[in-house]
Number of protein chains: 2
Amino acid sequence: MNFLIIGGDAAGMSAASRAKRNQPDLNVTVLEKTTDVSYSACGMPYNIADPDREIEDLVVRQAQVFREKQGIRLLTGHCAEKIRPADQTVSGTAADGSDFSFSYDHLLIATGASPIKPEIPGVDLPGVMVLKTLDEGRKIKAFLKAHPVRKAVIIGMGYIALEMCEALHERGIRVDMVKPRPRLLPWMEETLSGVVREELESNGVGVHDGHVIERIEQAEAGLKVACPDLTLEGELVLIAIGVTPNSRIAADAGITPGLSDAIAVNKALQTSAPNIFAAGDCADAVHVVTGEKTWIPLALRANRGGWAVADTVCGKKTELPGIVGTAVFKVFDLQVARTGLTSAEAEKAGFEPAEVMIKSRSRAHRHPNGAPIWVQMVGDRKSGRLLGAQMVGREGAAHRINAPAVALHTRMTVDQFSQSDLAYAPPFGPTWDPLLTAANQLLKKM
Amino acid sequence: MNFLIIGGDAAGMSAASRAKRNQPDLNVTVLEKTTDVSYSACGMPYNIADPDREIEDLVVRQAQVFREKQGIRLLTGHCAEKIRPADQTVSGTAADGSDFSFSYDHLLIATGASPIKPEIPGVDLPGVMVLKTLDEGRKIKAFLKAHPVRKAVIIGMGYIALEMCEALHERGIRVDMVKPRPRLLPWMEETLSGVVREELESNGVGVHDGHVIERIEQAEAGLKVACPDLTLEGELVLIAIGVTPNSRIAADAGITPGLSDAIAVNKALQTSAPNIFAAGDCADAVHVVTGEKTWIPLALRANRGGWAVADTVCGKKTELPGIVGTAVFKVFDLQVARTGLTSAEAEKAGFEPAEVMIKSRSRAHRHPNGAPIWVQMVGDRKSGRLLGAQMVGREGAAHRINAPAVALHTRMTVDQFSQSDLAYAPPFGPTWDPLLTAANQLLKKM
């Protein structure tokens with residue numbers, strides 16, 4: 001039986017490895033258009049921060065390990081171009097210019113996502129970069145090595161933009177961030193996003209939200225990002241305004257599209273076409289809180305999706321319950337975390353949200369070296385359900401978010417959550433954990 | 001209406017404050033035998049560690065605030081001695097030698113727990129200390145100030161013993177710990193307790209488990225703790241072998257006792273006697289995982305119990321769902337956390353436990369400054385339910401434990417927990433959170 005996989009990143013290689021472990025005699029073929037497979041994409045900003053680390057350091061498993069130790073037919077430099085569901089074949093072009101065509105019994109589309117480039121003049125100038133693939137990371141590192149970069153401009157203010165901001169700052173580069181929409185992290189409760197802004201600004205980062213970018217152009221000593229009332233200069237411009245799913249090949253094959261141009265899949269990651277699955281950043285998912293489709297391209301879901309498809313292909317049909325939208329990132333010394341819905345998202349999904357924001361401490365009363373910790377929490381007035389939480393703090397925010405995340409999976413009410421037996425010791429929090437204080441306060445509003 | 005409370009610590013003062021907030025015209029009287037109320041008992045080891053901090057620093061709210069701002073009749077130096085349920089009165093002796101008697105409509109027994117002293121010669125020698133009340137903390141600090149203590153012996157190896165070990169070590173005191181039973185932290189999976197032992201020993205702490213203590217005696221330069229095959233010397237001996245509930249006053253009044261000599265209460269914290277409640281370390285609780293009674297004296301439950309009783313007394317009957325046995329503590333640079341049942345406890349409770357122990361990392365692949373993290377997890381083969389987890393690590397263990405804690409409250413299966421959408425970013429963990437890796441491995445054994 002032939003299990004064919006398009007894409008050799010998180011979802012694709014997870015599926016390939018697991019399928020071979022499940023069923024060693026299965027023919028597993030992976031078509032990867034680049035030369036890189038199985039690397040920690042999320043680790044790139046941290047790697048870029050350190051001039052002494054090689055980008056290749058992020059490779060988790062070498063291609064020959066997949067080939068020789070695991071028996072996977074891993075074909076790099078193979079760009080899949082066309083799926084023919086009627087014939088069960090995939091054709092494309094290899095790096096040497098030759099054409100290829102493979103037939104499959106089961107196909108997994110794991111083509112990932114690509115950075116969005118704004119339609120403005122200058123986006124293709126030298127020194128204008130994006131970051132999604134290892135090769136893009138490689139180019140940024142090479143550029144930083146070859147050029148004396150003192151200033152950089154980042155277009156966008158999402159996770160990658162913020163992580164790259166810190167990475168460049170660590171290399172002694174002064175960073176300006178700019179985006180058209182007003183408000184940094186618009187999904188965040190305003191007090192919390194204010195804390196993040198302050199952290200950026202106190203580290204010398206220019207935060208310019210609400211500036212439409214008109215063009216990028218060559219300047220005397222590098223590049224210029226021009227807005228109607230603002231011009232930012234730097235030797236490097238990073239575009240990080242988000243990603244879009246690589247779903248064209250699926251759409252061309254007549255496969256039903258899903259949310260945000262992702263490929264629509266059911267809980268078993270099956271697309272509308274027989275024997276064709278999709279997983280990772282190119283596929284949509286069910287949001288457990290709303291019960292509706294969502295598209296949140298993150299690493300854990302990609303790995304999990306790969307495993308689930310491999311199990312199903314090997315005869316053990318596996319369904320994923322869905323995601324709750326948990327995410328965490330670091331902004332200098334701050335941990336920023338969220339799970340579930342914002343108040344606005346809750347309203348849009350038909351809930352009657354009540355919302356609370358509290359400020360607590362990361363350690364007990366008078367315990368040395370404590371820091372403030374902010375928690376926002378959303379509940380539904382009708383059902384009493386917990387709908388979401390956001391946290392910001394210098395310590396104790398990143399892992400704490402997992403408690404409400406689990407609560408969302410099990411549809412806990414705010415009342416039930418407020419009674420949960422969370423850990424307490426003075427070095428790790430107040431007796432009433434900040435999450436419990438938030439839940440207690442939220443109850444009063446519901 | 002008279003609401004009378006015996007004990008002015010966590011449960012008692014929480015109840016008093018909340019009752020007054022709920023219903024300002026309620027007569028709230030608190031009988032506290034010591035002179036201290038409302039202090040952070042759990043903070044004492046950390047305060048003792050620092051010679052420059054005053055122990056009074058741990059007082060959260062001064063007595064006069066309760067009296068003047070909150071209108072609570074707070075009587076310190078009042079030792080309650082007898083409850084007469086038939087008359088609805090409590091009598092006792094005040095510090096000035098006078099007798100008192102108060103009648104109540106509702107009574108809360110919040111008498112806490114006391115340190116257990118072993119029945120061996122020498123436990124009352126000067127320099128032999130226990131730690132539970134603020135006054136005991138005060139005495140330890142005064143002793144350390146007055147005497148040049150270079151070595152100390154701690155009898156016991158539980159939370160308080162370990163926290164005090166670190167506190168004394170921070171003050172430059174060499175510490176030996178000793179206890180009769182073999183194994184440090186016997187409830188812990190052996191690999192994990194081995195990590196804790198190594199942390200203690202690498203900090204120069206002597207860990208002497210399996211030594212029966214015969215007596216404490218005066219030595220030339222301090223005290224000697226004598227075991228059949230071991231003699232430990234120190235200027236200070238701390239006894240920290242556990243606590244026992246202060247339930248005598250309840251038993252004498254004919255109130256039904258519960259587990260471990262605690263006072264038996266229902267979910268509304270009601271004892272067997274009409275209008276008499278018990279909360280805090282003197283009362284038992286329901287363990288959500290087993291559905292059986294348990295006695296785990298910890299601060300959060302005490303505060304929560306105080307609130308619940310106050311709400312019930314004020315006409316809003318409130319029941320607590322129970323605890324899942326979550327606890328966390330710090331041992332030098334280690335975070336040690338647990339929730340739910342151990343494998344042995346699970347077996348005793350009638351489950352068919354499967355157990356797994358995994359070692360993972362606190363940060364992503366190749367992310368700088370990561371540290372090992374160990375997770376033990378227990379599930380039930382029959383029902384598939386998650387039953388408990390333990391974690392040890394230099395970072396990321398303390399707050400992570402809250403995710404399985406919430407899962408236990410909602411009776412999640414290991415399979416469901418393994419599918420939860422936990423946060424991921426390279427500075428905070430691997431893509432597969434250590435908890436998910438543990439759950440995935442545990443599933444294979446179930």
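Counting restarts for each chain: residues are numbered from 1 in the order of the written sequence. Lettering of chains starts at A and numbering of ligands starts at 1, both following the order in which they are written. A pLDDT threshold of at least 70 governs which residues receive local features in this predicted model, and a stricter bar of 80 or more applies before side-chain atom pairs are shown or counted, although totals over entire chains, interfaces and linings include all residues. Excluding hydrogens and water, the side-chain values take into account all heavy atoms of the structure.

As recorded by an unreviewed UniProt entry, chain A carries the name Pyridine nucleotide-disulfide oxidoreductase and is attributed to Desulfonema ishimotonii. UniProt positions are given in the numbering used here, feature names are shortened, and annotations may be inferred rather than shown by experiment. What UniProt states about chain A under its Cofactor (unreviewed entry) heading is, verbatim, "FAD". Database annotation for chain A, UniProt heading Sequence similarities (unreviewed entry): "Belongs to the class-III pyridine nucleotide-disulfide oxidoreductase family."

Counting from the N terminus, the helices are DSSP H or I runs at least four residues long and the strands are E runs at least two residues long. Regarding its fold elements, chain A presents 12 helices and 25 strands. Radius of gyration here uses only the C-alpha atoms, and the compact-globule reference equals 2.2 Å multiplied by the residue count raised to the power 0.38. Computed over its C-alpha atoms, the radius of gyration of chain A comes to 23 Å, within 12% of the 22 Å expected for a compact globule of 446 residues. Considering only C-alpha atoms, chain A reaches an extent of 65 × 60 × 40 Å along its principal axes. For every residue, the accessible area obtained with a 1.4 Å probe (protein chains only) is divided by the maximum for its type, and the residue is called buried under 20%, exposed over 50%, and partly exposed between those limits. In chain A, buried positions account for 61% of the 446 residues. Residues are treated as being in contact if the distance between any of their heavy atoms lies within 4.5 Å. Considering only contacts in chain A between residues 6 or more positions apart, those separated by 24 or more positions represent 62%.

The next subject is the relation of the copies chain A and chain B. Once chain A is rotated about the relating axis by 180° and shifted along it by 0.0 Å, it coincides with chain B to within an RMSD of 0.0 Å. Accordingly, the operation relating the two chain copies is best matched by a two-fold axis. Across chain A, the smallest distance between a C-alpha and the rotation axis is recorded for Ala-403 of chain A, namely 2.1 Å. The copies were overlaid with a least-squares fit restricted to C-alpha atoms from residues scoring a pLDDT of at least 70 in each copy.

A word on the interface of chain A and chain B. The interface of chain A with chain B comprises 59 residues on the first partner and 59 residues on the second. Around 5200 Å² of area is buried between chain A and chain B when both sides are counted, 66% of it from carbon and sulfur atoms. The largest per-residue losses of area from chain A upon contact with chain B belong to His-399, Asp-421 and Phe-428 of chain A, which jointly make up 15% of the total buried on that side. Salt bridges are defined by distance alone: a side-chain nitrogen of Lys or Arg within 4 Å of a carboxyl oxygen of Asp or Glu. Here chain A is connected to chain B by two salt bridges. The shortest N-O distance in the salt bridge between Asp-57 of chain A and Arg-366 of chain B comes to 2.8 Å. Each polar contact in these results corresponds to two N or O atoms within 3.5 Å; when the atoms are within protein, one needs to be able to donate a hydrogen and the other to accept it, and residues that are neighboring in sequence are counted only if both atoms are side-chain atoms. Taken together, the connections running from chain A to chain B amount to 24 residue pairs in polar contact (both at pLDDT 80 or more). Sorting the residues of the side of chain A that touches chain B by element identifies helix 8 (299-313), strand 21 (327-331), helix 10 (402-409), helix 11 (414-418) and helix 12 (434-444) of chain A as the ones contributing at least two each. Top element by residues in the side of chain A that touches chain B is helix 10 of chain A. It accounts for six residues. We define buried area as the total accessible area lost by two parts upon association, computed with a 1.4 Å probe and summed across both.

The subject of this paragraph is the domain arrangement of chain A. Residue and element names in this part refer to chain A. Note that the domain bounds were set by an automatic or database domain assignment. Domain boundaries assigned for chain A yield domain 1 (2-38 + 59-113 + 243-313), domain 2 (117-239) and domain 3 (327-444). Each of domain 1 and domain 3 has a C-alpha centre, and the two are 36 Å apart. With five residues of domain 1 in contact, the opposing surface of domain 3 contributes 10 residues. Between domain 1 and domain 3, roughly 540 Å² of surface is buried when both sides are summed, and carbon and sulfur atoms account for 71% of that area. Among the residues of domain 1 in contact with domain 3, Val-288, Val-289 and Thr-290 are the three that bury the most area, contributing 81% of the side total.

All names here are of chain B. For helix 1 (residues 10-22), which comprises 13 residues, the first-to-last C-alpha distance of 18 Å matches the rise-based estimate of 18 Å (1.5 Å per residue) to within 8%. Three or more residues of helix 1 are buried, namely Ala-11, Gly-12, Met-13, Ser-14, Ala-15, Ala-16, Ser-17, Arg-18, Ala-19 and Lys-20. In this structure, the buried side of helix 1 is in contact with strand 1 (2-6), strand 2 (27-32), helix 3 (63-69), strand 3 (73-76), strand 7 (106-109) and helix 8 (299-313). A helix is expected to reach a length of 1.5 Å times the quantity of its residues less one.

Turning to the environment of Glu-32 of chain B, a few remarks are in order. All names here are of chain B. Inspection of the secondary structure puts Glu-32 in strand 2. Take Glu-32: its relative accessible area is 9%, and that puts it in the buried class. Considering only alpha carbons, one finds Glu-32 and Gly-7, 25 residues apart in sequence, at a separation of 4.8 Å. Those residues in contact with Glu-32, other than ones at most four positions away along the chain, are Gly-7, Gly-8, Asp-9, Val-37, Leu-75, Thr-76, Gly-77 and His-78. One polar contact links Glu-32 to Thr-34, side chain to side chain, over a distance of 2.6 Å.

As a further point, take the sheet that holds strand 12 (residues 206-209) of chain A. Criterion used throughout: strands pair if DSSP finds at least two bridges between them. Pairing is parallel in the open sheet, where five strands are placed in the order 9-16-10-11-12 (chain A). Here the strands that pair on one side only, and so sit at the sheet edges, are strand 9 (128-129) and strand 12 of chain A.

Turning our attention to the pattern of salt bridges. Under the criterion given, the structure shown has 46 salt bridges over all chains. Residue Asp-176 of chain A pairs with Arg-174 of chain A through a salt bridge whose shortest N-O separation is 3.0 Å. Owing to a relative accessible area of 7%, Asp-176 of chain A belongs among the buried residues under this scheme. Residue Asp-135 of chain B pairs with Arg-138 of chain B through a salt bridge whose shortest N-O separation is 2.7 Å. Placement of the pair is Asp-135 of chain B and Arg-138 of chain B together in helix 4 (residues 134-146), with a separation of three residues, close to one helical turn. Exposure remark for Arg-138 of chain B: the relative accessible area of 23% places this residue in the partly exposed category. Three or more residues are tied together by salt bridges with common partners; here these are Asp-36, Glu-56, Asp-135, Arg-138 and Lys-139 of chain A.

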